[in-house]
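Here's the letter readout for the chains.
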Protein chains: 8
Amino acid sequence: MDPKRLESLLSRVRSGEVAIEAALAELRTLPYADLGYARVDLHRALRQGVPEVILGEGKTPEHIVGVAEQLIRGGQRVLVTRLSADKADAVRARLPVLEYVPAARIARYRTDAPKLGGGFVAVVTAGTSDIPVAEEAAETLGMCDVRVERVYDAGVAGLHRITAQVEMLRQAAALIVVAGMEGALASVVGGLVAAPVIAVPTSIGYGASLGGFTTLFAMLTGCASGVTVVNIDNGFGAAMAVIRLLRARLEAP
Amino acid sequence: MDPKRLESLLSRVRSGEVAIEAALAELRTLPYADLGYARVDLHRALRQGVPEVILGEGKTPEHIVGVAEQLIRGGQRVLVTRLSADKADAVRARLPVLEYVPAARIARYRTDAPKLGGGFVAVVTAGTSDIPVAEEAAETLGMCDVRVERVYDAGVAGLHRITAQVEMLRQAAALIVVAGMEGALASVVGGLVAAPVIAVPTSIGYGASLGGFTTLFAMLTGCASGVTVVNIDNGFGAAMAVIRLLRARLEAP
Amino acid sequence: MDPKRLESLLSRVRSGEVAIEAALAELRTLPYADLGYARVDLHRALRQGVPEVILGEGKTPEHIVGVAEQLIRGGQRVLVTRLSADKADAVRARLPVLEYVPAARIARYRTDAPKLGGGFVAVVTAGTSDIPVAEEAAETLGMCDVRVERVYDAGVAGLHRITAQVEMLRQAAALIVVAGMEGALASVVGGLVAAPVIAVPTSIGYGASLGGFTTLFAMLTGCASGVTVVNIDNGFGAAMAVIRLLRARLEAP
Amino acid sequence: MDPKRLESLLSRVRSGEVAIEAALAELRTLPYADLGYARVDLHRALRQGVPEVILGEGKTPEHIVGVAEQLIRGGQRVLVTRLSADKADAVRARLPVLEYVPAARIARYRTDAPKLGGGFVAVVTAGTSDIPVAEEAAETLGMCDVRVERVYDAGVAGLHRITAQVEMLRQAAALIVVAGMEGALASVVGGLVAAPVIAVPTSIGYGASLGGFTTLFAMLTGCASGVTVVNIDNGFGAAMAVIRLLRARLEAP
Amino acid sequence: MDPKRLESLLSRVRSGEVAIEAALAELRTLPYADLGYARVDLHRALRQGVPEVILGEGKTPEHIVGVAEQLIRGGQRVLVTRLSADKADAVRARLPVLEYVPAARIARYRTDAPKLGGGFVAVVTAGTSDIPVAEEAAETLGMCDVRVERVYDAGVAGLHRITAQVEMLRQAAALIVVAGMEGALASVVGGLVAAPVIAVPTSIGYGASLGGFTTLFAMLTGCASGVTVVNIDNGFGAAMAVIRLLRARLEAP
Amino acid sequence: MDPKRLESLLSRVRSGEVAIEAALAELRTLPYADLGYARVDLHRALRQGVPEVILGEGKTPEHIVGVAEQLIRGGQRVLVTRLSADKADAVRARLPVLEYVPAARIARYRTDAPKLGGGFVAVVTAGTSDIPVAEEAAETLGMCDVRVERVYDAGVAGLHRITAQVEMLRQAAALIVVAGMEGALASVVGGLVAAPVIAVPTSIGYGASLGGFTTLFAMLTGCASGVTVVNIDNGFGAAMAVIRLLRARLEAP
Amino acid sequence: MDPKRLESLLSRVRSGEVAIEAALAELRTLPYADLGYARVDLHRALRQGVPEVILGEGKTPEHIVGVAEQLIRGGQRVLVTRLSADKADAVRARLPVLEYVPAARIARYRTDAPKLGGGFVAVVTAGTSDIPVAEEAAETLGMCDVRVERVYDAGVAGLHRITAQVEMLRQAAALIVVAGMEGALASVVGGLVAAPVIAVPTSIGYGASLGGFTTLFAMLTGCASGVTVVNIDNGFGAAMAVIRLLRARLEAP
Amino acid sequence: MDPKRLESLLSRVRSGEVAIEAALAELRTLPYADLGYARVDLHRALRQGVPEVILGEGKTPEHIVGVAEQLIRGGQRVLVTRLSADKADAVRARLPVLEYVPAARIARYRTDAPKLGGGFVAVVTAGTSDIPVAEEAAETLGMCDVRVERVYDAGVAGLHRITAQVEMLRQAAALIVVAGMEGALASVVGGLVAAPVIAVPTSIGYGASLGGFTTLFAMLTGCASGVTVVNIDNGFGAAMAVIRLLRARLEAP
């Protein structure tokens, strides 16, 4: 898959520097560490510019600690998402180097890293209850040294709350719009700015909000074209999509 | 049920003017005409201020003609909704007094009637494709002599299209907002005006719009409070809700 | 947006009374208070005749207190809905001026206000379990000084329970029908009265009642025309819809 | 399975009248005719008091004719349900002894049979569009010589249309209530009578009626207890349920 | 509605025995007791042969006690369904005359009553986990003095478990089949017997069993005709349907 | 991926027989033919023992012909599934070597091939309408020279129709059960035999059968353990699953 | 049903060795033990090669102990699935011979049994959170002496994690792929190997993963043909399907 | 909203150049053309870098022609999407300047425009049937002068079809992945490249593919982070999202 490494290997095979059996072995053993319960991908930072993120939900504290230690040992940044306060305590008891951010429900370990500079990303919410998801996005961006402007509680029922911010929004390199209920904010913001807009539906609301599916569908079918969507409550995924595009911009010729 | 009629009947029973058997019969035979396949309610106009409306969908032309004739004979206005052009031809061949309005898919027969005056109702659509449903509402209001202002194609992706109309919208006695997709227009309009707003979701759109259900749910869960909703594509129902409130206003002490 | 204020501002710009920069700033800063986590709309009472209501669900006690204080400081009434007893205790510990109504799960702070007089609103429930939602509606109406008549446990399986009340129901200025299960009461009441009827589906029931969605859909597709619907369990929303129409009636020429 | 037949067989085995191999064969060959594409159950009339009914939908005319011929040859009545007019023509071209009833979309062949006497069954519909399903039920009952009273277009939005018939409904041996939309009629009728009520949801309606599922769920969750439900548009199934109970009554000691 | 009572009232009006105002009042006050939160129907036992049953779920112990006392005072039997053990304790603390049956989650108060004799009803379950729903049905039948035969854990994966009982099942006056998962037992039993079969889907199972909806739909679409269905876990409703048909049989000429 | 081919390539690189650039190219060009609109996998027959099958639905006749020609040129068998009669005509006009089987809606081209011998596969259907799906499975098996026994119309409402075949079913190497509606046949057969059972839900039925989803869910949640399921109407997929296991058996040591 | 036993019984009837009444009784009493709440199938091990498994969920500890004791008394292995740690304690207090495996949430009792030898089964998971379901499958296979190779955390977002294992996967006799979210691993593995693949969707994930239904549907509609699917989280069912095919292979001529 | 225009207007108001009434009027009349049935946004090209696109579905040919003429008159490019061949004929009869692209179901009118240069966008499909949606995306990108590389029929069941293209995919500025069924291709591609990936679910497939919803949900819940999603079959929306990010890159400092 990695053509340069393959070419080098083949050269060393030709020169006799590497035995055929060793080459076969190397071709099979790609750089991940097998912990039995997890295969930790140590080269993702190289491949995708971000560390392998650990989804805290559904994992035991032991598994989380095991994977995080492996990443730290590999010299990588660590981000654990959807980590409840209780589980964070259990994890940090064994790995105090991790810092917990309750508002975003994440734990993190940061090393120095090259900055993804150039402008800022606006993180906008429709209501106060959408803030935890927005914070997950904002903290993930922070992990990658991206500057964030927060615009919270700017839902469309009081249209002036969003229109008053238009100028700032139009200067953002990208926008993450976090909303529940009918998700109209994504359409309105998408119509007001030309930059990339990632919409995050939240599971806020009751009855007809269907645990976030109404918002998800509303955002997918919304009338502002070119707005893309991630899974319900997936602030982390929205941040990762922004990082993909900021990196692509950096590397553009 | 009708206390005055009951009181009068009882008086006539006491006076011997009406025999007990006859009273029993009358108490059982309320004023509807039984056509075998339909029981036509001839007093609805009195009870609710609007004629019994005939839902054209799912009825044979023979049944539609039969019911309409009965109403006309009873001196009432007639409104047939969801009537395809083909079926309208078959119906009008036998009952040419009915007038067909293709844009609204309705047929109607009007008599003079007291006006539901006082101001106008704004019928607003998000897009061009929502117009047939809006016309069904507008024509139904017209049947009851309510003045209508149409504001079509004012979706929120171009916010200025709706904000430019705010002043007029604020003067409406009531508003009907017809929208498909994420239905954000209902929230935005609901936040801009204080008058009653009836939202009508339309089945416009594809994929995640779920044949109108995403819009329906989005409108129900929308962030502007006090907006009420009717069934998908039910322009007629929205008009009837407006007529209920205009009549209530007329009769208010 | 507010044409009078805009005209006055422009006049003061022309007269030199207001500098262009100041005018620009004012045009951008509409009257809301930005608390960081919330943008409190202080003029909604003016615009829509009701205070900004705080949805208690999904907010921390700190956020609820913060917004409520801002509203009280602005001289406004306060209504917090969907507030659990536990959270109410935490909120009232800091803001004892709020009064808690457990049956309706709301907290409120009332000031004197002009009355929305003229008649009464009937709040009808199908069963005993629908009462909390009905109380949310009734208390919200009470906040706006609207008189309420309660008719509870009048489901259609014992038809005489509702027909016995017909005369009173026909005198109501508007009706809120709260029902779970098949929601037939909305159709029956809608057929008996000519006044506006707002139907509130409740999440009462099990299995095929689908957490209120069967009732919601049944009410939307019900056979009495002109009945409109709000979200499941949304007694507050129904009350707000009634307030919109009572205000519109007051202001009618 | 059939204990008497088994006992007799065993006796004949003991007496040597039947060879063990023959007994084994008979125990395996139960009385159905294998046509390759169908196994026609010739004893169902004996077992369940009704002929095997042929669901016309999804079968070729050849298959329908083949099964019907086998039943007629076996001296049985034949009922083909959900048979479109086109397919009926193709079937009757080969088997003219079948009579087609377009209003019920059934074809039938009747022989003399013992009557399921004792009273009548009321078939009630909410609207005119529900009539085809009601006719499927009525014709199926007719096939079994059950007397039927039809009460059509008696929906609850005009409550007097059903209350005027209460006395007759209370005399029915059983009731089939056919309704679309919110299906409230089943609850209302179920509350008015003590006899068995079978509810049939129809696929009439649009939007929130969900092709009949809203009605189905509403009927299942309806507030009149002891009402049972069959599949959407399944007039035939409702009739069969009534026949089961009429037969059980006949045979009761 | 009650024609005899109406006729007598009219006679007394004619004779002057009853004043018109009094007659009007009586015509409006049908025999229910209004407790504010509930309208207790004291004549249901007369009208439908069963007491008004109290659905325990969603009611406070106070409300349950209030309604039950009213019924007991009216000389009626009482049945409280879906009553958790905790709530039962609270209820029985105030009304120790009620007896609690934990396996069926019901509380009951029995008086002597005419028996619904004639045979027995078979209550069949597919698995062990379906027993609580079956017991709700069996206990409700017991309340009305109907004899019950229980056949539990007879699912179709071991077909011999049900075929071994065929003879007994064929002698039942009616059958209640309680099953979760694919609900095949209802089809199999429906094909084996000619008597009325009421199917009760249960919410047993996980994943694709959809909380009982797969079973519900499977039973509705099952291949044995004339099987009818009640709501998920609604053992009570199935028993009530059986009581309707047993009573109808008793009263048949 | 293919270790032997990789080892040989590496040997030839070491020996200088193959240049590094050529090795790189070969490592990248795996054996598929790129037609622009399709990448035809010519080695699937080797890898998986079956030809690449062409799903006819959603492809133009031109695309089908192009892919089929490529496969025939590669010396492979061809199977086109879900091919309507119309499209089959258009395809066979250009490629008459294909044979069309209308009952199974497939077109095929056969070459000689090693047989997957050893016993037979039983294909069982619940009803007559399930036959086309069963034929798709049977014909696909026939393509791979597997012997098939058909048992059609053996639904559980007439239990003797399936129990009469038990002995034969128990001798099958594997069973494919094709059923619509409640899909009970899969549970019953799964309980009667020990061999692998693949269940195929069909979209036969109306209303609560949900276009096959009720059957799908019922089969997934069915009470006979070890029954596996394929997509709705996917007779082809069931046959492929059987071929996987017959091949595995052949190759077992 | 069991032809040999039937033949022998008939012979003994003919010879007079068995009385007709006794034969009738025996024909009715098939080999299950009726515990009142359960009918324990003592011959399933003979019929299907596996013990009757007890689904722990939804049963009381008393019922579990009762059934397990009956099986142990019958000389059979016992497997209790979906048993929470709490309930396991209650069960083992009475039946300490059962061994509890927390990672798989099963309890088991093993006797010596013939081995299902010949190769191994690969159990593959996409993520760490899928391990409990995989363990349920692996432990069930272990109960039947099948060798298992575990490949955990090999999801497709890091494709090299699965491709590195291809050689081993290709040697497996059958594969169980356990995955949540989009379930792509089943398609990828199905395309890489020719052996039978059973896919198990898990309920891991949030929002659009719909509690496992997205994975279930994705696996059913996946592009690798011949992959079959079991219910969500049903590791046990997948193991049983593998056992069916391993046994069939053993018994193949 | 447009601060510069507002500032200039205010300056001209101060200088007396513009009367207050005229300023008020201008503030209200934003630059759209009101056609009655549509409000054509003539400045969107300026605001968002793309012309207003006309969704052909659900509009009459007259409306399409009217809007397109207005845009052409305004000197803008025109793109009509989801235009059937029939409707395209009707539109082009009146506006022959439009060019129709059947493979993408779009009509277009191009003028010279500044190029969005810099690299290329890869459009990848899983199957042949996904091509029309991919072409809609590719043609929309072409309208904006973006270079496109097409990689069609590269589904994951033959993994080598996609891995062979990895090098090229890694050089793309952005990727659009179009897939139906389980949509695994989006996860696999997302794991292989670091650039932005927009996933487009298609409605290809049957049964469990749920008309594209399974793919939609699978893509949303997929395991490669940072992949975003648009509505089902929305090739146009994916292209617009790419254009947003390419423009943002161009304008980045």
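Within chain A, the regular secondary structure consists of 11 helices and 11 strands. Looking at chain A as a whole, 64% of its 253 residues qualify as buried. Of the roughly 8,500 Å² of accessible surface on chain A, 53% is carried by carbon and sulfur atoms.

On to the relation of the copies chain B and chain C, then. In screw terms, the move from chain B to chain C is a rotation of 180 degrees and a rise of 0.0 Å along the axis, fitting with an RMSD of 0.1 Å. The superposition operator between the copies reduces to a two-fold rotation axis. Here 100% of the interface residues in chain B have copies in chain C that are interface residues too; the copies meet face to matching face.

What follows concerns the packing of helix H4 (residues 61-73) of chain G against helix H5 (residues 85-94) of chain G. All names here are of chain G. Where H4 meets H5, the axes come as close as 9 Å, and the angle between the chain directions of the two elements is 45 degrees. Considered as vectors, H4 and H5 are oriented oblique to each other. Note that H4 runs across H5; the crossing there is right-handed. Packed against H4, whose contacting residues are Pro61, Glu62, Ile64 and Val65, the element H5 presents Lys87, Ala90, Val91 and Arg94 at the interface.

What follows concerns the interface of chain B and chain C. The interface is formed by 39 residues belonging to chain B together with 39 residues belonging to chain C. Together, B:Ala194, B:Leu220 and B:Arg244 form the three largest contributors to the area buried by chain B at its contact with chain C, with a combined 21%. In this structure, the connection of chain B to chain C is made through 10 residue pairs in polar contact (both at pLDDT 80 or more). Those elements that provide at least two residues to the side of chain B that touches chain C are helix H3 (44-48), helix H8 (166-171), helix H9 (184-192), strand E10 (197-201), helix H10 (213-220), strand E11 (227-229) and helix H11 (235-251) of chain B. Of all the elements, H11(B) adds the most residues to the side of chain B that touches chain C, at nine residues.

Here we take up the relation of the copies chain H and chain A. Superposition of the two copies of the chain requires a rotation about an axis together with a shift along that axis. Under the fitted operation, chain H is carried onto chain A by 0.1 Å of movement along the axis and a turn of 180 degrees, and the coordinates agree to an RMSD of 0.1 Å. Of all interface residues in chain H, 100% are interface residues in chain A too; the two copies therefore contact each other through one and the same surface.

What follows concerns the pairing of strand E6 (residues 106-109) of chain A. All names here are of chain A. Sheet topology note: the strand E4 (residues 78-81)/E6 ladder contains three bridges and is antiparallel. Across the sheet, the residue bridging to valine 78 is tyrosine 109, located in E6. Bridge count between strand E5 (residues 99-101) and E6: three bridges; the pairing is antiparallel. Looking across to E6, one finds that glutamate 99 is bridged to arginine 108.

It is worth spelling out unusual backbone geometry at this point. In the Ramachandran plot, E:Leu210 falls in the positive-phi region, its phi being about 55 degrees despite a non-glycine side chain. If you trace the backbone, E:Leu210 turns up in the loop between strand E10 (197-201) and helix H10 (213-220). We note that F:Met181 has phi near 50 degrees; this positive angle belongs to a residue other than glycine. Counting through the fold element by element, F:Met181 comes out in the loop between strand E9 (174-179) and helix H9 (184-192). On the accessibility criterion, F:Met181 (25% relative accessible area) is partly exposed.

A few words on the side chain of C:Asp153. Positionally, C:Asp153 belongs in the loop between strand E8 (147-151) and helix H7 (160-163). For C:Asp153, a relative accessible area of 10% translates into the label buried. Once residues within four sequence positions are removed from consideration, C:Asp153 is found in contact with C:Thr125, C:Ala126, C:Gly127, C:Thr128, C:Arg161, E:Tyr37, E:Ala38 and E:Arg39.

Okay, the packing of aromatic side chains next. By convention here, two paired aromatic rings are described through the distance between centres and the angle between planes. Using the criterion set out here, one finds 20 aromatic pairs over all chains in the structure. Aromatic pair A:Phe217 and H:Phe217: ring centres 5.9 Å apart, planes at 35 degrees, arrangement tilted. Of this pair, A:Phe217 sits in helix H10 (residues 213-220) while H:Phe217 sits in helix H10 (residues 213-220), placing the two residues on different chains. Residues A:Phe217 and H:Phe217 agree in their burial class; the two are buried. Seen in terms of ring centroids, D:Phe213 and D:Phe217 are 6.1 Å apart; in terms of plane orientation they differ by 50 degrees. Their pairing is tilted. You can see D:Phe213 and its partner D:Phe217 sitting in helix H10 (residues 213-220), four residues apart, about one turn around the helix. Each member of the pair, D:Phe213 as well as D:Phe217, is classed as buried. Linked through ring pairs, A:Phe213, A:Phe217, H:Phe213 and H:Phe217 together constitute an aromatic cluster.

In this section: the pattern of salt bridges. Per the counting criterion, the structure on display carries 65 salt bridges over all chains. When the shortest N-O distance is used, the salt bridge between E:Arg108 and E:Glu99 registers 3.2 Å. Here E:Arg108 falls in the buried class, since its relative accessible area comes to 15%. The exposure class assigned to E:Glu99 is partly exposed, which follows from its relative accessible area of 42%. Salt-bridge contacts for F:Glu139 lead to F:Arg108; the nearest nitrogen and oxygen are separated by 2.2 Å. Of this pair, F:Glu139 sits in helix H6 (residues 131-143) while F:Arg108 sits in strand E6 (residues 106-109), placing them 31 residues apart in sequence.

Spatially, E3-E4-E6-E5 (chain D) is the arrangement adopted by the four strands of the open sheet, whose pairing is mixed. In this open sheet, the two edge strands, each paired with only one partner strand, are strand E3 (54-55) and strand E5 (99-101) of chain D.

Let's shift gears to the side chain of G:Glu139. Residue classification places G:Glu139 among the buried residues on the basis of a relative accessible area of 14%. Excluding anything up to four places from it in sequence, G:Glu139 contacts G:Val101, G:Ala104, G:Ile106, G:Arg108 and G:Arg150.

Take the interface of chain H and chain A next. Taken together, the contacts link 39 residues of chain H with 39 residues of chain A. Of all residues in chain H, H:Ala194, H:Leu220 and H:Arg244 bury the most surface against chain A, accounting for 21% of the area lost on that side. At the boundary of chain H with chain A, the tally comes to 10 residue pairs in polar contact (both at pLDDT 80 or more). Only helix H3 (44-48), helix H8 (166-170), helix H9 (184-192), strand E10 (197-201), H10, strand E11 (228-229) and helix H11 (235-251) of chain H provide two or more residues apiece to the side of chain H that touches chain A. Along the lines of polarity and charge, the residues of the side of chain H that touches chain A split into 23 nonpolar, 10 polar and six charged.

All right, on to helix H4 (residues 61-73) of chain D then. For H4(D), which comprises 13 residues, the first-to-last C-alpha distance of 18 Å matches the rise-based estimate of 18 Å (1.5 Å per residue) to within 8%. Residues D:Pro61, D:His63, D:Ile64, D:Val65, D:Gly66, D:Val67, D:Ala68, D:Gln70 and D:Leu71 constitute the buried set of H4(D).

This paragraph deals with the sheet that holds strand E3 (residues 54-55) of chain C. Residue and element names in this part refer to chain C. Taken together, four strands build an open sheet; the order of strands is E3-E4-E6-E5 and the sheet is mixed. Single-partner strands in this sheet number two, and they are E3 and strand E5 (99-101). Contacts from helix H6 (residues 131-143) reach strand E4 (78-81), E5 and strand E6 (106-109), with the element oriented near 5 degrees to E6.

Our focus in this paragraph is the environment of C:Ala107. With respect to the element layout, C:Ala107 can be found in strand E6. Judged by its relative accessible area of 1%, C:Ala107 is buried.

All right, on to the confidence of the model for chain A then. For chain A, mean pLDDT is 83; residues scoring 70 or higher make up 83% of the total. Our summary of model confidence lists the complex with pTM equal to 0.85 and ipTM equal to 0.82.

Now for helix H5 (residues 85-94) of chain B. Residues and elements named next belong to chain B. Every buried residue of H5 is listed here: Lys87, Ala88 and Val91. For H5, the angular spread of buried residues about the axis comes to 105 degrees, placing them on one side. Seen from the open side of H5, the exposed residues pointing more than 90 degrees away from its buried face are Asp86, Asp89 and Ala93. On its buried side, H5 packs onto helix H4 (61-73) and strand E5 (99-101).

Let us look at the packing of H10(A) against H10(H). In contact at an axis separation of 13 Å, H10(A) and H10(H) are set at 100 degrees when each is read in the N-to-C sense. As summarised for this structure, H10(A) and H10(H) are arranged roughly perpendicular, according to the angle between their axes. Judged by residue contacts, A:Phe213, A:Leu216, A:Phe217 and A:Leu220 of H10(A) engage H:Phe213, H:Leu216, H:Phe217 and H:Leu220 from H10(H). Looking at side-chain class alone, the contact of H10(A) with H10(H) contains eight nonpolar, no polar and no charged residues.

What counts, and where the lines are drawn
Residues numbered from 1 in each chain as written. Chains lettered and ligands numbered in written order. Predicted model: local features only at pLDDT ≥ 70, side-chain atom pairs only at ≥ 80, totals over all residues. Heavy atoms only, no water. Helix = DSSP H or I, 4+ residues; strand = E, 2+ residues; numbered from the N terminus. Buried < 20%, exposed > 50% of the residue type's maximum accessible area, 1.4 Å probe, protein only. Areas by Shrake-Rupley, 256 points an atom, 1.4 Å probe, with all protein chains shown as cover. Least-squares fit on C-alpha atoms with pLDDT ≥ 70 in both. Contact = heavy atoms within 4.5 Å. Axes fitted to C-alpha atoms, helices over the stretch in contact; angles between N-to-C directions. Parallel < 35°, antiparallel > 145°, perpendicular 65-115°, else oblique. Left-handed = near helix turned anticlockwise from the far one by under 90°. Buried area = accessible area lost by both parts, 1.4 Å probe. Polar contact = N/O pair within 3.5 Å; in protein donor to acceptor, adjacent residues only side chain to side chain. Pairing = 2+ DSSP bridges. Phe/Tyr/Trp six-rings, centres within 6.5 Å; stacked < 30°, edge-to-face > 60°. Salt bridge = Lys/Arg side-chain N within 4 Å of Asp/Glu carboxyl O. Nonpolar A, V, L, I, M, F, W, Y, C, P; charged D, E, K, R; others polar. Expected span 1.5 Å × (residues − 1). pLDDT = per-residue confidence, 0-100. Arc of directions from axis to C-beta.

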